[in-house]
Amino acid sequence: MDLAARMSRLGTETAFEVLARAQALEAQGRSVVHLEIGEPDFDTPVHIREAAIEALQSGWTHYGPSAGLRELREAIARDVEKRRGLYVDPAQVVVTPGGKPILFYTMLALLEEGDEAIYPNPGFPIYESMIDFVGAKAVPLRLREERNWSFDVDEIASLITPRTKLIVLNSPHNPTGGTLDRPTLAAIAALAEKHPFSILSDEIYSRMVYEGVHESIATFPGLKDRTILLDGFSKTYAMTGWRLGYGVMEKSLATHVARLMTNSNSCTNSFVQKAGVAALEGPQDDAEAMIAEFGRRREKIVAGLNALPGVTCTKPTGAFYAFPNITGTGYASADLARAMLDEAGVAVLSGTAFGKYGEGYLRLSYANSIPNLEKALERMGTWLEEKLRTRVRS
Ligand SMILES: Cc1ncc(COP(=O)(O)O)c(C=O)c1O
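Because the structure is predicted, anything quoted here is derived from the model rather than measured.

*Asks:* Summarise the sheet that holds strand β3 (residues 116-121); cite the residues concerned and give the values.
*Replies:* Read from one edge to the other, the open sheet built from seven strands follows the order β2-β8-β7-β6-β5-β3-β4, with strand pairing classed as mixed. This sheet does not close on itself; its edge strands, each paired only once, are β2 (93-96) and β4 (137-142). The mean inter-strand angle of the sheet, taken between neighbouring strand axes irrespective of direction, is 20 degrees. Two elements, β3 and strand β5 (residues 164-170), share three bridges in a ladder whose sense is parallel. Paired with A117 across the strands is L166, a residue of β5. The strands that helix α5 (residues 125-133) touches are β3, β4, β5 and β6 (198-202); relative to β3, the one it contacts most, it runs at about 160 degrees.

Below, the structure is given as structure tokens:
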């Protein structure tokens, strides 16, 4: 087939490739601890599953409105107001199959060829992939370990040009687990007074904050209508496979994004949306217990990583990822990630799977049980001690 040139600009998410390689090893009888994929290891809470079954039984099996069921858009608007103190009209909400389509649709709707979009690097690889794919220029904003995985405000200011159309923010952040504090967001809000960019604020991990509270750029004066807020159900309610997420944006943009939905998916699965209402309006105990458990695992993994030879790890403040610095091992990130899987039986991702500034780091998802985290740390430790000892000898 003669592919369109744009396909050469489409990136991918390495996590799915590493998962496939890990599963191939397991099929050969090898044991692998999975720390590669970014999804909760918990089941979706029972009341949410029951709501979906009930919806299926009562006929919620048809097409629905492209922007989402009114009932769910209202529930989302209430939730955004409750958790962020931000009044939102349900007409500003577009429901999509997962949060990811909001990235794609926003970029399709806003970016022209030649426009520039600033995105975090290391960062979720889909940002760069989608910016490239739509023909805009992807401008990396370096996140820095010494700033607790935030960035230098002067640096972002220096990247803004008259062509800057969009700034992508992600807090809590994948892959580093960093969060953006209010002073940093205030500095971006000040830049927004001088430059007309829009902001795509990916807040998919908004409920997973272990220190301080979640802050949204959309709450700053004048920025609600310039921000596309992305959130969803995948992480908070352990619903990755259900595919349910949403964007909150200025009303007229919402109609365009809904039209992109009409042209692609028609609508989001109707009975899944009914379950989404139950997730937001029902008891939050299961979600809260899961997040508290991630908090305990965070302590375990960070302490364990810091005890490994050649490895240091700053404490992530959100999401469920650790992003240890592995420069002391002498290995390049991709080589170490490969060796961890092939030789130590621990599936992790290379920091470079999240962009060029991820060199020197690995990403570990700690959405796995404490016994499995202990097993992974032990395997990594044994492998590293052996390698570093033989290296010293040779
Ligand atoms: C930063 C970030 N944004 C968006 C998504 C997409 O989430 P969803 O599964 O809801 O499409 C992910 C999933 O890993 C993510 O890490």
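*Asks:* Give a description of the nonpolar core that names residues and reports values.
*Replies:* Counting residues in each nonpolar core, the largest one holds 65 residues, and the members touching the most others are M107 and L305. When residues no more than four places from it in sequence are discounted, the contact partners of M107 are Y127, M130, I131, V134, L166, V168 and L200. If you look at the next biggest cluster of nonpolar residues, it comprises 25 residues, including A77, V95, L244 and V248.

*Asks:* I'd like a description of the site of the ligand, backed by residues and values.
*Replies:* Neighbouring the ligand are 13 residues; G99, D202, Y205, S234 and K235 lie closest to it. Residue G99 places a main-chain N or O atom 2.8 Å away from an oxygen atom belonging to the ligand. Y205 is positioned with one of its side-chain polar atoms (N or O) 2.7 Å from an oxygen atom of the ligand. Protein contact buries 93% of the 400 Å² of open area that the ligand shows by itself. The residue makeup of the shell around the ligand, split by class, is four nonpolar, five polar and four charged.

*Asks:* Give me the packing of aromatic side chains: which residues, what numbers.
*Replies:* Following the criterion strictly, the structure yields 13 aromatic pairs and no others. Each ring, one from W149 and one from F323, has its centre 5.2 Å from the other, and the planes form 80 degrees; the classification is edge-to-face. Pair noted here: W149 is in the loop between β4 and α6 (153-159) and F323 is in the loop between β9 (321-322) and α11 (333-344), with a separation of 174 residues, a long-range link. The same class applies to W149 and to F323, which are both buried. Cluster of aromatic residues (ring-pair linked, three or more members): F42, Y205, F294, F320 and Y321. A cation over an aromatic ring shows up here: R226 above the ring of F197, its NZ or CZ 5.7 Å from the ring centre.

*Asks:* Now, about the pairing of strand β12 (residues 362-365): what can you tell me, with residues and values included?
*Replies:* Side-chain direction in a regular strand flips from residue to residue, so the side chains alternate between the two faces of the sheet. Of the two faces of β12, the one carrying L362 and L364 and the one carrying R363 and S365 are both buried. Pairing of β9 with β12 involves two bridges; the strand directions are antiparallel. Residue pairing in the sheet places A322 in a bridge with L364 of β12. Note that strand β11 (residues 349-350) and β12 share two bridges and pair antiparallel. The residue bridging S350 from the neighbouring strand is L362, located in β12.

*Asks:* Give me the lowdown on the pairing of strand β8 (residues 245-248), citing residues and values where you can.
*Replies:* Residues of β8 alternate between two faces, with G245 and G247 on one and Y246 and V248 on the opposite face, all of them buried. One ladder, built from four bridges, connects β2 with β8; its direction is antiparallel. Along β8, the bridge assignment pairs V93 with V248.

*Asks:* Mind laying out the environment of A15, listing which residues take part and the relevant values?
*Replies:* Secondary-structure assignment places A15 in helix α1 (residues 14-27). Between the alpha carbons of A15 and G222 there is a distance of 37 Å; along the sequence they are 207 residues apart. In this structure A15 touches E36, I37 and L349, once residues within four positions along its chain are discounted.

Quick notes on the rules
Here the residue index of a chain counts from 1 through its sequence in written order. Per-residue local features are limited, in this predicted model, to residues with pLDDT of at least 70; the limit for side-chain atom pairs, both in listing and counting, is 80 or more; totals at the level of whole chains, interfaces and linings are taken over all residues. For side-chain calculations, the full set of non-hydrogen atoms in the structure is used, while hydrogens and water are omitted. For two strands to be treated as a pair, DSSP must find at least two bridges joining them. Put simply, DSSP marks the helices as runs of H or I at least four residues long and the strands as runs of E at least two long, and each gets a number from the N terminus on. To get an axis, fit a line to the C-alpha atoms, keeping to the stretch in contact for a helix; angles then go from 0 to 180 degrees between the N-to-C directions. Whether two residues touch is decided by their heavy atoms; if any such pair falls within 4.5 Å, the residues are in contact. Nonpolar core, defined: a set of buried Ala, Val, Leu, Ile, Met, Phe, Trp, Tyr and Cys residues in which side-chain atoms within 4.5 Å join the residues together. Buried means the residue's accessible area, taken with a 1.4 Å probe over protein chains only, is under 20% of the maximum for its type, while exposed means over 50%, and partly exposed covers the values in between. Here, proximity means that at least one heavy atom of the residue falls within 4 Å of the molecule or strand. Within 3.5 Å is the distance limit for a polar contact, defined as a pair of N or O atoms, with the added protein rule that one can donate a hydrogen and the other accept it, and that residues adjacent in sequence qualify only through two side-chain atoms. Note on areas: these come from Shrake-Rupley sampling with a 1.4 Å probe, and a residue is covered only by the protein chains present in the view. All amino acids are sorted into three groups, where Ala, Val, Leu, Ile, Met, Phe, Trp, Tyr, Cys and Pro are nonpolar, Asp, Glu, Lys and Arg are charged, and the leftover types, Gly among them, are polar. Stacked, edge-to-face and tilted are the three classes for Phe, Tyr and Trp ring pairs, Trp counted by its six-membered ring, which pair at centre distances within 6.5 Å; planes under 30 degrees apart are stacked, over 60 edge-to-face, the rest tilted. Counting as a charge over the ring demands two things of the Lys NZ or Arg CZ atom: a distance within 6 Å of the ring centre and an angle within 35 degrees of the ring normal.

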